[in-house]
Amino acid sequence: MSALFDLTGRTALVTGSSRGIGNALARALADAGATVVLNGINPERLKAAEAAMAADYPPGRIHSCAFDVTKDTEAARGVTWVEENVGPLEILVNNAGIQHRVPMLDLDVADWERVISTDLTSAFLVGREAARHMIPRGHGKIINICSVQTDLARPTIAPYIAAKGGLRNLTRAMTAEWAASGLQINGIAPGYIHTEMTQNLVDDEQFNSWILGRTPAHRWGTVQDLAGPAVWLASDGSNFVNGQTIFIDGGMTVVV
Ligand code: NAP
């Protein structure tokens, strides 16, 4: 059974993995045996993340490639670099994302477009480049990192909600076009995850008690909660799972 989830010898690229959830997902894939390529735009932060991770794994298992996922030429350069310097890309996690909180009446179009291009267009650009290599080989896994805002709205984050909702349908569109070539494309939609970035929300008594009351599991998620689903969707254990978005949210999206 464990062979089903073994990623030994497989090359994975996780976008936006210099920190946060992406870094945790990269570690989960590496723990399952994958050779992992980290990505981000800040080269110093990325090199530091690579060095920190490389210390925990055998030599040659951790790499990094800085590129901007919102630019088509950069996405092509990044995927080509992986193919030429690390190995055939078998697993892509489209994780890079940003948030921008402003009421819609005050929202500039430039900020709308920045969020849409980072949180949605990037998955098309990097996913398309990855698929161009995966399709001729007849297999590959693409995991798009969505959100509970794929399904639920909140005030002040309109572009994020539009992008994450779009990402679920992009997952389906990729499935419609590429599943017959042996690719499985699925989404992971994390709920509220306790990270460095959300520490201020955890510390906010009112917000924290809203989260606990709104979540059937009555707790925040952790990055470890995402590891199992990510490894499953990257592995042979999910070879007939196509176009699904799995909510890892303690049940938040199934209750009102
Ligand atoms: P984070 O800590 O802010 O990290 C974002 C990562 O994305 C960084 O590595 C950053 O690189 C990279 N990035 C941003 N723009 C990029 C670009 N144009 N090209 C390449 N890399 C870029 O984010 P996070 O909270 O871990 O979130 C990761 C993903 O999970 C996002 O898609 C987010 O929407 C989703 N998510 C998060 C939560 C949560 O509770 N945190 C919940 C649900 C979903 P640099 O370090 O170089 O800036």
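Nothing here was measured: the structure is a model prediction, and the numbers come from that model.

**Focus: helix 2 (residues 43-54)**
Phase 1: Look at helix 2: 16 Å from first C-alpha to last across twelve residues, which is about the 16 Å you get at 1.5 Å a residue.
Phase 2: All of the buried residues in helix 2 are Leu46, Ala49, Glu50 and Met53. What you see down the axis of helix 2 is that its buried residues fit within an arc of 100 degrees, all on one side. Opposite the buried face of helix 2, by more than 90 degrees, sit the exposed residues Glu44, Lys47 and Ala51.
Phase 3: As for helix 2, its buried residues are in contact with helix 1 (20-31), strand 2 (35-38) and strand 3 (62-64).

**Some remarks on the side chain of arginine 214**
Phase 1: When you line up the elements, arginine 214 lands in helix 7 (residues 205-214).
Phase 2: Although buried, arginine 214 forms no salt bridge, and the nearest oppositely charged side chain, aspartate 249, lies 7.6 Å from it.
Phase 3: A distance of 2.9 Å separates the side chain of arginine 214 from the backbone oxygen of methionine 252, its partner in a polar contact.
Phase 4: A distance of 3.2 Å separates the side chain of arginine 214 from the backbone oxygen of valine 255, its partner in a polar contact.
Phase 5: Each residue touching arginine 214, except ones within four places of it in the same chain, is listed here: Leu152, Met252 and Val255.

**Observations regarding the nonpolar core**
Phase 1: With 32 residues, the main nonpolar core has Leu29, Val36, Leu38, Val93 and Ile188 as its most contacted residues.
Phase 2: Listing elements by their share of this core, those giving two or more residues are strand 1 (11-14), helix 1, strand 2, helix 2, strand 4 (89-94), strand 5 (140-145) and helix 8 (223-234).
Phase 3: Non-local contacts of valine 36, meaning those with residues more than four positions away in its chain, are made with Ala12, Ala26, Leu29, Ala30, Arg61, Ile62 and His63.
Phase 4: Val82, Leu89, Ala131 and Leu183 belong to the second-largest nonpolar core, a separate cluster that totals 29 residues.

**A short note on the sheet that holds strand 4**
Phase 1: Read from one edge of the open sheet, seven strands run 3-2-1-4-5-6-7, paired in parallel fashion. Each of the sheet's edge strands pairs with one partner strand only, and the pair in question is strand 3 and strand 7 (245-248). Direction aside, the axes of adjacent strands within the sheet are offset by 20 degrees on average.
Phase 2: In the sheet, strand 1 pairs with strand 4 via four bridges, with the strands oriented parallel.

**Quick notes on the site of the ligand**
Phase 1: Taken together, 29 residues sit near the ligand, with Ser18, Ile21, Asn42, Asn95 and Tyr160 positioned nearest.
Phase 2: One of the backbone N or O atoms of isoleucine 21 is found 2.7 Å from an oxygen atom in the ligand.
Phase 3: Considering the ligand on its own, with 900 Å² of exposed area, one finds that the protein chains cover 91% of that surface.
Phase 4: Each residue belonging to the shell around the ligand can be placed in one class, and the counts come to eleven nonpolar, 14 polar and four charged.

**Brief notes about empty space enclosed by the protein**
Phase 1: Following the criterion strictly, the structure yields one cavity of 30 Å³ or more and no others.
Phase 2: Asn94, Ala96, Thr118, Asp119, Ser122, Ala123, Ile145, Lys164 and Leu167 are the residues that line the largest cavity.
Phase 3: Contributions of two or more residues to the lining of the largest cavity are made by helix 4 (109-137) and helix 5 (158-178).
Phase 4: For the lining of the largest cavity, the leading source of residues is helix 4, giving four residues.

Rules behind the numbers
Residues numbered from 1 in each chain as written. Predicted model: local features only at pLDDT ≥ 70, side-chain atom pairs only at ≥ 80, totals over all residues. Heavy atoms only, no water. Helix = DSSP H or I, 4+ residues; strand = E, 2+ residues; numbered from the N terminus. Expected span 1.5 Å × (residues − 1). Buried < 20%, exposed > 50% of the residue type's maximum accessible area, 1.4 Å probe, protein only. Arc of directions from axis to C-beta. Contact = heavy atoms within 4.5 Å. Lys, Arg positive; Asp, Glu negative; His and termini not counted. Salt bridge = Lys/Arg side-chain N within 4 Å of Asp/Glu carboxyl O. Polar contact = N/O pair within 3.5 Å; in protein donor to acceptor, adjacent residues only side chain to side chain. Core = buried A, V, L, I, M, F, W, Y, C linked by side-chain atoms within 4.5 Å. Pairing = 2+ DSSP bridges. Axes fitted to C-alpha atoms, helices over the stretch in contact; angles between N-to-C directions. Near = heavy atom within 4 Å. Areas by Shrake-Rupley, 256 points an atom, 1.4 Å probe, with all protein chains shown as cover. Nonpolar A, V, L, I, M, F, W, Y, C, P; charged D, E, K, R; others polar. 1 Å grid on protein atoms, 1.4 Å probe; cavity = no way out; pocket = protein on both sides within 12 Å on 5 of 7 lines; lining within 4 Å. Points joined across faces, edges and corners; volume = space filled by probe spheres on them.

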